[in-house]
Amino acid sequence: MSSRKDDFTCDIVESLGVLSTSKAGWTRELNRISWNGGDPKFDIRDWDPEHEKCSKGIALSEDEVRLIVEKLTAYFEENE
């Protein structure tokens, strides 16, 4: 999917899953997105049902995601 707003483009390269859905129908998703034709990054943000509009979100490199997984794994192991 492609989207264009102002001076940026984004292409959802891979959809990894929906994390939640709001009452208005927007979905918080984990995707791999190519911003402005760059290398895909892991991305978490809300999308409208048609994937034409999105909220502010966060884009993370593979290294950042690996660190998050490591830290969350340690957290949950310590707090079970």
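As a starting point, this report considers the structure included with it.

Reading the values: rules and limits
Residues numbered from 1 in each chain as written. Predicted model: local features only at pLDDT ≥ 70, side-chain atom pairs only at ≥ 80, totals over all residues. Heavy atoms only, no water. Pairing = 2+ DSSP bridges. Helix = DSSP H or I, 4+ residues; strand = E, 2+ residues; numbered from the N terminus. Salt bridge = Lys/Arg side-chain N within 4 Å of Asp/Glu carboxyl O. Buried < 20%, exposed > 50% of the residue type's maximum accessible area, 1.4 Å probe, protein only.

Sheet analysis places strand β2 (residues 8-21) next to strand β3 (residues 27-35), joined by 9 bridges and oriented antiparallel. Paired with E14 across the two strands is R32, which belongs to β3. Between β2 and β3, which pair antiparallel and follow one another directly, the connecting turn spans 5 residues, one of which, G25, has a positive phi of 95°.

It is worth spelling out the pattern of salt bridges at this point. Throughout the structure, instances matching the rule amount to 4 salt bridges. Residue E14 is joined to R32 by a salt bridge in which the shortest nitrogen-to-oxygen separation is 3.6 Å. One end of the pair, E14, is in strand β2; the other, R32, is in strand β3, with 18 residues separating them in the sequence. When its relative accessible area of 36% is taken as the criterion, E14 is described as partly exposed. Look at R32 and you get partly exposed, because its relative accessible area is 23%. Measuring nitrogen to oxygen at the nearest pair gives 2.8 Å for the salt bridge that ties R66 to E62. With a gap of 4 residues between them, R66 and E62 both fall in helix α1 (residues 62-78), about one helical turn apart. E62 gets classed as partly exposed once you look at its relative accessible area, which sits at 45%.

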